[in-house]
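# Observations on chain architecture
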Amino acid sequence: MSAVRASHVWKVFGRNEKEVVKRIKAGADRSEVADLGTAAVIDASFEVSRGEIFVVMGLSGSGKSTLIRMINGLWAPSDGTIEIAGKDISAMGPTQLRQVRRDSISMVFQHFALLPHRTVRENAAYSLDLQGVPRKEARERADEWLNTVGLGGWGDKYPNQLSGGMQQRVGLARALAAETDILLMDEAFSALDPLIRREMQDQLVELQSTLAKTIVFITHDLNEAMYLGDRIAVMRDGRIAQIGTSEDILTRPTDDYVANFVQDVDRTRVLTASSIMQDTTAVVRHTAGPRTAMRLFERERVSGLFVIDSTRHLLGTVDDRAAVRAAREGATALSDYVETDGILTVGPDTPLSELFAPSSTARVPLAVVDGDNRLLGVIPRIAVLSSMSQVGPSTGEMPAVTPLPANVEPQDDAEAFTAQDDDAPEPKPGIAAAGAGDIHEAEEPPPGDHASEGPTDDTMGADR
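Parameters and conventions
- Here the residue numbers are simple positions, counted from 1 along each chain's written sequence.
- A pLDDT threshold of at least 70 governs which residues receive local features in this predicted model, and a stricter bar of 80 or more applies before side-chain atom pairs are shown or counted, although totals over entire chains, interfaces and linings include all residues.
- Processing note: side-chain calculations cover all non-hydrogen atoms of the structure and skip hydrogens and water entirely.
- Helix and strand definitions follow DSSP, with helices as H or I runs of at least four residues and strands as E runs of at least two, each counted in order from the N terminus.
- Residue exposure (1.4 Å probe, protein chains only): buried if accessible area is under 20% of the type maximum, exposed if over 50%, otherwise partly exposed.
- Contacts were defined at the residue level, with two residues in contact if any of their heavy atoms lie within 4.5 Å.
- Note on areas: Shrake-Rupley, 1.4 Å probe, and residue coverage restricted to the protein chains presented here.
- Two strands make a pair as long as DSSP finds a minimum of two bridges between them.
- The axes used here are C-alpha line fits, helices contributing only the stretch in contact, and every angle between their N-to-C directions lies in the interval 0 to 180 degrees.
- Grid points spaced at 1 Å and placed over the protein atoms alone form the basis of the search, with a cavity being a set where a 1.4 Å probe fits but cannot get out and a pocket an open set showing protein on both sides within 12 Å along at least five of seven lines. Lining residues have an atom within 4 Å of a point.
- Grid points are joined across faces, edges and corners, and a volume is the space filled by probe spheres set on the points.
- When residues are sorted by character, Ala, Val, Leu, Ile, Met, Phe, Trp, Tyr, Cys and Pro go into the nonpolar class, Asp, Glu, Lys and Arg into the charged class, and all the rest, Gly among them, into the polar class.
- Crossings are classed by handedness, with left-handed meaning an anticlockwise turn of the near helix from the far one by less than a right angle and right-handed meaning a clockwise turn.
- Here a salt bridge means any side-chain nitrogen of Lys or Arg lying within 4 Å of a carboxyl oxygen belonging to Asp or Glu.
- Joining through side-chain atoms within 4.5 Å is the link that ties buried Ala, Val, Leu, Ile, Met, Phe, Trp, Tyr and Cys residues into a set, and such a set is a nonpolar core.
- Working definition: rings of Phe, Tyr and Trp (its six-membered ring) pair if their centres are within 6.5 Å, and the pair is stacked with planes under 30 degrees apart, edge-to-face with planes over 60 apart, and tilted otherwise.
- As a reminder, the over-ring test applies to NZ of lysine and CZ of arginine, requiring each to be within 6 Å of the ring centre and within 35 degrees of the ring normal.

To continue, consider the overall build of the protein chain. Summing up its helical and strand segments, the protein chain has 17 helices and 16 strands in all. Per-residue burial over the protein chain gives 48% buried out of 464 residues. Contacts in the protein chain between residues at least 24 apart in sequence constitute 68% of all its contacts with a sequence separation of at least 6. About 21800 Å² of surface is accessible on the protein chain, with carbon and sulfur atoms providing 48% of the total.

Here's what the structure looks like:
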């Protein structure tokens with residue numbers, strides 16, 4: 001069951017709410033019925049899962065603050081329903097509504113809403129006082145949450161003795177002290193200076209990793225929405241224009257409005273390694289023989305392969321010269337010829353901003369691995385660059401990337417390739433690895449033939 005569910009919710013301010021809803025449903029624009037009432041929210045539907053940060057983002061007048069006030073029951077919808085844990089909040093009587101606000105929903109306001117005559121500790125304990133928690137226990141729990149938000153030792157101070165950022169931390173501590181499942185945050189960080197705002201954003205993310213609250217967060221700051229939200233709802237003129245992850249909205253906007261809205265967003269804070277990584281067939285198992293690797297070099301038109309074990313744990317790389325040397329020395333497996341130097345790994349959640357430095361010096365594409373060092377995909381330097389702008393194709397690294405269906409497995413032995421010789425793919429235009437072209441039938445190189453050892457410079461067969 002969703003923690004919060006909105007189904008075709010409308011909110012009209014004015015005396016003719018039903019008529020406004022009726023006319024807009026029939027196709028009228030909200031500007032055409034402005035004389036009858038102001039349609040602040042129009043046919044909004046969404047669900048918020050337990051433990052999710054759901055951000056509602058939009059410009060002033062888009063309807064986002066109206067929406068959150070309907071979620072906590074301050075305003076009743078003109079049409080549609082809002083459910084909290086499966087219960088329609090608009091159908092509740094005053095007593096039941098107070099109970100829901102006390103036990104299930106907490107709210108953090110933009111302008112702090114602290115009581116000036118109460119100390120910091122008393123403000124943090126206010127929700128507990130409303131719940132009837134004994135005074136001593138309430139103060140102790142308030143101190144615990146003040147410590148959690150970084151205000152330990154400030155309990156005896158008054159709000160006017162605190163900075164804006166500290167006052168907002170008190171408001172957050174008050175909301176958290178209630179220990180409700182749902183936290184509503186209405187432009188909670190908008191009144192703060194940029195540096196303090198980022199500190200509060202980081203603290204909220206850190207707290208959420210341990211508390212797993214259901215959070216509905218309202219903001220007009222797109223970068224803030226992208227940073228905080230598990231999912232984001234973009235609102236325009238009372239309607240929800242798009243709902244999706246930050247990556248969805250940034251890379252697959254539903255219309256021109258959303259596309260224009262996100263065009264100036266800091267993509268390095270949103271995109272991650274998993275957003276731009278590519279599958280690759282340029283992989284070989286460590287038990288494979290050198291001639292298997294040679295066939296792969298020729299088939300894939302690359303000069304370097306990633307080496308994995310039977311469970312896809314990344315062991316390193318092998319280049320074409322090492323494979324030729326292994327064949328010449330009579331080796332039956334590549335395990336003794338695997339290079340581990342120069343290979344850089346990143347996790348799938350690594351931000352794009354952290355990929356530029358390692359990719360600029362890597363001789364092979366960055367390897368994306370999971371927590372157990374299993375190879376998930378690769379990121380060639382060109383993918384990092386093109387994620388930010390249009391650039392040329394020459395990057396200077398070993399080309400080790402070819403798109404691959406997820407079910408294709410790396411080869412173990414040369415026999416698998418022998419059976420496919422007649423159906424070998426045509427050479428891929430524009431991709432030619434130096435050294436790989438000298439390998440044709442994976443035969444033993446004749447004595448003294450040094451040309452087959454591949455390139456002798458330090459590019460390891462990189463495209464030029």
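Alright, that's what it looks like, and here's the rest.
Right, let's get into unusual backbone geometry. Unlike most non-glycine residues, Ala85 shows phi in positive territory, near 55 degrees. Relative to the assigned elements, Ala85 resides in the loop between strand 4 (79-84) and strand 5 (87-88).

Once that is clear, we can look at the sheet that holds strand 11 (residues 283-285). Pairing is mixed in the open sheet, where three strands are placed in the order 11-12-13. The outermost strands of the open sheet, each flanked by one partner alone, are strand 11 and strand 13 (314-319). Strand-to-strand twist across the sheet, computed as the mean angle between neighbouring axes with direction ignored, equals 35 degrees.

Under the defined criterion, the tally for this structure stands at one cavity of 30 Å³ or more. In this model, the largest cavity occupies a volume close to 40 Å³. Leu172, Leu176, Leu183, Leu204, Leu207, Gln208, Leu211, Lys213 and Ile215 together form the lining of the largest cavity. Contributing elements (two or more residues each) for the lining of the largest cavity: helix 7 (164-177) and helix 8 (194-211). Per-class residue counts for the lining of the largest cavity are seven nonpolar, one polar and one charged.

Between helix 13 (residues 290-300) and helix 14 (residues 320-328), the shortest axis-to-axis distance is 8 Å and the interhelical angle comes to 145 degrees. When you trace helix 13 past helix 14, the crossing you get is left-handed. Note on element contacts: helix 14 touches helix 13 through Asp320, Ala323, Val324, Ala326 and Ala327, opposite Pro290, Arg291, Ala293, Met294 and Phe297.

Our focus in this paragraph is the pattern of salt bridges. Summed over all chains, the structure comprises 21 salt bridges. Between Asp79 and Lys25 there is a salt bridge whose closest N-O contact spans 2.8 Å. With Asp79 in strand 4 and Lys25 in helix 1 (residues 17-25), this pair connects stretches of sequence that are 54 residues apart. With a relative accessible area of 25%, Asp79 lands in the partly exposed category. Across the pair Asp186 and Arg69 runs a salt bridge, and its minimum N-O distance is 2.9 Å. Taken together, the positions of Asp186 in strand 7 (residues 182-186) and Arg69 in helix 2 (residues 64-71) put the pair 117 residues apart, joining distant regions of the chain. Counted as one network, the salt bridges with shared partners bring together Arg30, Arg236 and Asp237.

Okay, the pairing of strand 1 (residues 4-13) next. The buried fraction of strand 1 is high, at seven of 10 residues. In the sheet, strand 1 pairs with strand 4 via five bridges, with the strands oriented antiparallel. Across the sheet, Arg5 pairs through a bridge with Glu83, a residue of strand 4. In the sheet, strand 1 pairs with strand 2 (residues 38-48) via seven bridges, with the strands oriented antiparallel. Across the sheet, the residue bridging to Val12 is Ala39, located in strand 2.

The next thing to look at is the nonpolar core. Leu172, Met185, Phe217, Met226, Leu355 and Ile379 are the most contacted members of the largest nonpolar core, which has 61 residues in total. Each residue touching Met185, except ones within four places of it in the same chain, is listed here: Ile68, Val108, Leu172, Leu204, Ile215, Val216, Phe217 and Ile218. Formed by 28 residues, the second largest nonpolar core is a distinct cluster that contains Ala6, Val9, Ile218 and Ala233.

Positionally, Asp35 belongs in the loop between helix 1 and strand 2. For the pair Asp35 and Gly14, spaced 21 residues apart in sequence, the C-alpha separation works out to 9.0 Å.

Evaluation of the coordinates by the stated rule reveals four aromatic pairs. Seen from their ring centres, Phe13 and Trp75 are 5.1 Å apart, and the 80 degrees between their planes marks the pair as edge-to-face. Residue Phe13 is located in strand 1, and its partner Trp75 is located in the loop between helix 2 and strand 4; the two are separated by 62 residues in the primary sequence. Owing to a relative accessible area of 33%, Phe13 belongs among the partly exposed residues under this scheme. A centroid spacing of 5.0 Å and a plane angle of 15 degrees characterise the contact between Phe46 and Phe54, whose relative ring orientation is stacked. Across the ring face of Phe13, the terminal group of Lys11 is positioned such that the distance to the ring centre comes to 5.3 Å. Over the face of the ring belonging to Tyr227 we find Arg198, whose NZ or CZ atom lies 4.3 Å from the ring centre.

Okay, the pairing of strand 3 (residues 53-58) next. Of all six residues making up strand 3, six are buried, and the element is well covered by its neighbours. Here strand 3 shows a buried face lined by Ile53, Val55 and Met57 and a second buried face lined by Phe54, Val56 and Gly58. Both strand 3 and strand 9 (residues 231-236) contribute to a ladder of five bridges, which runs parallel. From the neighbouring strand, Val55 faces strand 9, where its bridge partner is Ile232.

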